[in-house]
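# Structural characterization, general
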Amino acid sequence: MTSFNRSTSRRLKKLTQIPSVWEGDRRPLSSPNQFSDSEAKGECILWVDYSQGVVRGMDVVASDIGPEAIVRTLMQAMEHPQSPARPARPQRIVVKDREIQFYLRGVLQDLDIAIDYAPELPLIDELFRGFADILDSQTPDLPPQYAEILREKALAIWQAAPWEFLEEQQILSIEINKWDVGTLYASVMGMLGMEYGILFYRSEESLKQFRAAVLTDQESTEHLEEAFLKQDCLFLTFESADETDEDENEEDDLADLPLSEIDPTFGNIHPLEGLRSVLYDEEALVILVAIESLSRFIRDHRRQLHEDIFPTLGRRYRISLPQSEESTKSVPVTVSTMPQLAAELEEMAGFDIDDQEIDNPDFQSLQDDLIPEDSFLSLGVVSWEMLEYLRKGVSYHQAGEIKQVGDGLPVILIQTSRPKAKTVIERIEATGGLRAICFNPGANPFDGDRYDLGLLQTQNGELFLFGEFLDEDPTHVEARKKWNQRCKNTKGYCGLIIAKGLTGASRGNPQLRDMMALFEARSLSPKDLGIGTLQLMPQLKFE
């Protein structure tokens, strides 16, 4: 049995011994009536002064922690008690667990404290009854009768992965006409590999107002938070079930995790309620019907929804309801695409140019003569420490105040010869600097290959091609996932590094001395850029 070392015993014996009786116990936190997915797990250790009626020490520990935990809490109760109690040592301790009694007798034998057993501990019993009442009064995140089926239907949506072919502005209407809900407007999130989920807006107006508010001021955190809380919608989002340090996994794409590690979460946003991660009975039924009808629609029209042009589709379903107090056994639901609304939202965001409009005068043709053909190219990251060295030692163009989150600034590295690197830098500087970096879809109509095109946009609006990557290249796919996550961490900031040394010993791995310029910029999504899928033209250039 572990016991105090002698110096600890001497220190504790110096505490004033007061003529009082302390009660101590450890008990499970969750009450017998708690729903199974409650977060109220573990055990609570309490030490109270029965004579004075005060709590001297309290701690919450995992249920598999050994008896040492109750001693640690007792030491806190003696040396660092909760206010208004003062440091002291009791004359007598009473517990209701024989094992704890014998354990404490062995550990505390040098402290002149009597350790007794009692079948009941009045003050602690009263405190734990109060804890149980509080836990019983808590509202579960989901109504218990619908929790299992909601999770099942949500994971079916996850496996269907609608974000692989639906963009956020490609809205689907879900006409329910029950529970005071007419039509929901579903917006799918996740195409960029960042946040995965579905927003079910209760009105077109709310959806449009949120989009307009976000577009008005994308830089102000307070403005975006206010716009977010003014939405009127139900939501389903997906998170990692692993609650370890998020910073360790911040580069991982949720889509790479096995199904067992995906955790669906539900909630409601309303201008007068704000964000609420709790669904009540009717809301749970509404979102259940919406998810099930959406799953069926995706199953029936997956091929059409993959097309480049958002099609006009509609289908009616009858969705069965789980057994509940509802007298209705099923609900008729109509799911439809909304191409007109999607076009309106695209126009609102300023990316309403489709593939057929690429050659209009507002679109400046894509140039491919900025980056030398034999250059070494990579997508990577520069640590925050290295970034500071770069800013002081190379030609540096700042884009804004970058928040240092994650492992560093995502960068495109282009290594070429010194003369060519100097030419690239001068050309970018002549355009006013670098505005943005974007990856945009491209296609070769002659062989059917599809590409991820790396584009640089300069301050004067010109576009330059810096790389062509096959969509099916696993190395690039992995690099893009990391790029997206890192850009999310930095709130859209990224960088371009131009380096020399292509023919030297540092080829493919330029050192700090080889780096000649750093251009900080913003990361744009294809929809932000708004030029659609670029087609390979007969002259072998993307136009």
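Residues numbered from 1 in each chain as written. Predicted model: local features only at pLDDT ≥ 70, side-chain atom pairs only at ≥ 80, totals over all residues. Heavy atoms only, no water.

## So, the overall build of the protein
Looking only at helices and strands, one finds 13 helices and 23 strands in the protein. For the protein, the proportion of its 543 residues judged to be buried stands at 48%. Of the contacts formed within the protein by residues at least 6 apart in sequence, a portion of 69% connects residues at least 24 apart. (Helix = DSSP H or I, 4+ residues; strand = E, 2+ residues; numbered from the N terminus. Buried < 20%, exposed > 50% of the residue type's maximum accessible area, 1.4 Å probe, protein only. Contact = heavy atoms within 4.5 Å.)

## Some remarks on unusual backbone geometry
Cis rather than trans, the peptide bond between Ser 83 and Pro 84 has omega equal to 10°. Located in the positive-phi region is Ala 161, a residue other than glycine, with phi close to 50°. Its location among the elements puts Ala 161 in the loop between helix H5 (144–160) and strand E6 (172–178). For Asp 180, which is not a glycine, the phi torsion comes out positive at approximately 60°. With respect to the element layout, Asp 180 can be found in the loop between E6 and strand E7 (181–189). Given the relative accessible area of 83%, Asp 180 is considered exposed.

## Some remarks on the state of the cysteines
Disulfide: a covalent bond formed between the sulfur atoms of two cysteine residues. All told, the structure shown has 0 disulfides when counted by the stated rule. Unpaired in terms of disulfides, Cys 438 finds its nearest cysteine sulfur in Cys 494, a separation of 9.9 Å. (Disulfide = S-S within 2.5 Å.)

## Let's talk about helix H10 (residues 384–393)
Turning to H10, its buried residues are Trp 384, Leu 387 and Leu 390. An end-on view of H10 places all buried positions within 105° of arc, on one side of the element. Opposite the buried face of H10, by more than 90 degrees, sit the exposed residues Glu 385, Lys 392 and Gly 393. Against strand E15 (376–382), strand E17 (409–415), strand E21 (493–499) and strand E22 (515–524) lie the buried residues of H10. (Arc of directions from axis to C-beta.)

## Quick word on the packing of helix H2 (residues 68–79) against helix H3 (residues 98–107)
A packed helix pair is summarised by two numbers, namely the angle formed by the two axes and the spacing between the axes. Interhelical geometry of H2 versus H3 gives an angle of 60° and a closest axis separation of 10 Å. Taken together, H2 and H3 sit at an angle that is classed as oblique. For H2 against H3, the interelement crossing comes out right-handed. Counting all contacts with H2, which are made through Glu 68, Ile 70 and Val 71, the residues of H3 involved are Ile 100, Tyr 103, Leu 104 and Val 107. Here the contact of H2 with H3 is composed, by residue class, of 6 nonpolar, no polar and 1 charged. (Axes fitted to C-alpha atoms, helices over the stretch in contact; angles between N-to-C directions. Parallel < 35°, antiparallel > 145°, perpendicular 65-115°, else oblique. Left-handed = near helix turned anticlockwise from the far one by under 90°. Nonpolar A, V, L, I, M, F, W, Y, C, P; charged D, E, K, R; others polar.)

## Notes on the packing of helix H1 (residues 6–13) against H2
Contact geometry for H1 and H2: axes closest at 11 Å, N-to-C directions at 40°. Considering their axes alone, H1 and H2 lie oblique with respect to each other. For H1 against H2, the interelement crossing comes out left-handed. Contacts between H1 and H2 pair Thr 8, Arg 11 and Leu 12 from the former with Met 75, Met 78 and Glu 79 from the latter. Taken together, the residues that form the contact of H1 with H2 break down as 3 nonpolar, 1 polar and 2 charged.

## A few points about the pairing of E22
Burial analysis of E22 places 7 of its 10 residues in the buried class, which makes it a mostly covered element. Across 3 bridges, the pairing between strand E16 (residues 395–397) and E22 is parallel. Pairing of Ser 395 across the sheet is with Ala 517, part of E22. The pairing of strand E18 (residues 434–443) with E22 spans 3 bridges and is classified as parallel. (Pairing = 2+ DSSP bridges.)

## Remarks on the packing of aromatic side chains
Note on aromatic pairs: each is described by the distance of the centres and the angle between the planes. For the structure shown, the criterion picks out 8 aromatic pairs. Each ring, one from Phe 439 and one from Phe 466, has its centre 5.9 Å from the other, and the planes form 80°; the classification is edge-to-face. Of this pair, Phe 439 sits in strand E18 while Phe 466 sits in strand E20 (residues 463–470), and the two are 27 residues apart along the sequence. Judged by its relative accessible area of 7%, Phe 466 falls in the buried class. Considering the side-chain rings of Phe 439 and Trp 483, the 5.8 Å spacing of their centres and the 80° angle between planes classify their relative orientation as edge-to-face. With a gap of 44 residues between them, Phe 439 in strand E18 and Trp 483 in helix H12 (residues 474–489) connect regions that are remote in the sequence. Phe 439 sits in the buried class, given a relative accessible area of 4%. Aromatic rings pair up to connect Trp 158, Trp 163, Tyr 196 and Phe 238 into one cluster. (Phe/Tyr/Trp six-rings, centres within 6.5 Å; stacked < 30°, edge-to-face > 60°.)

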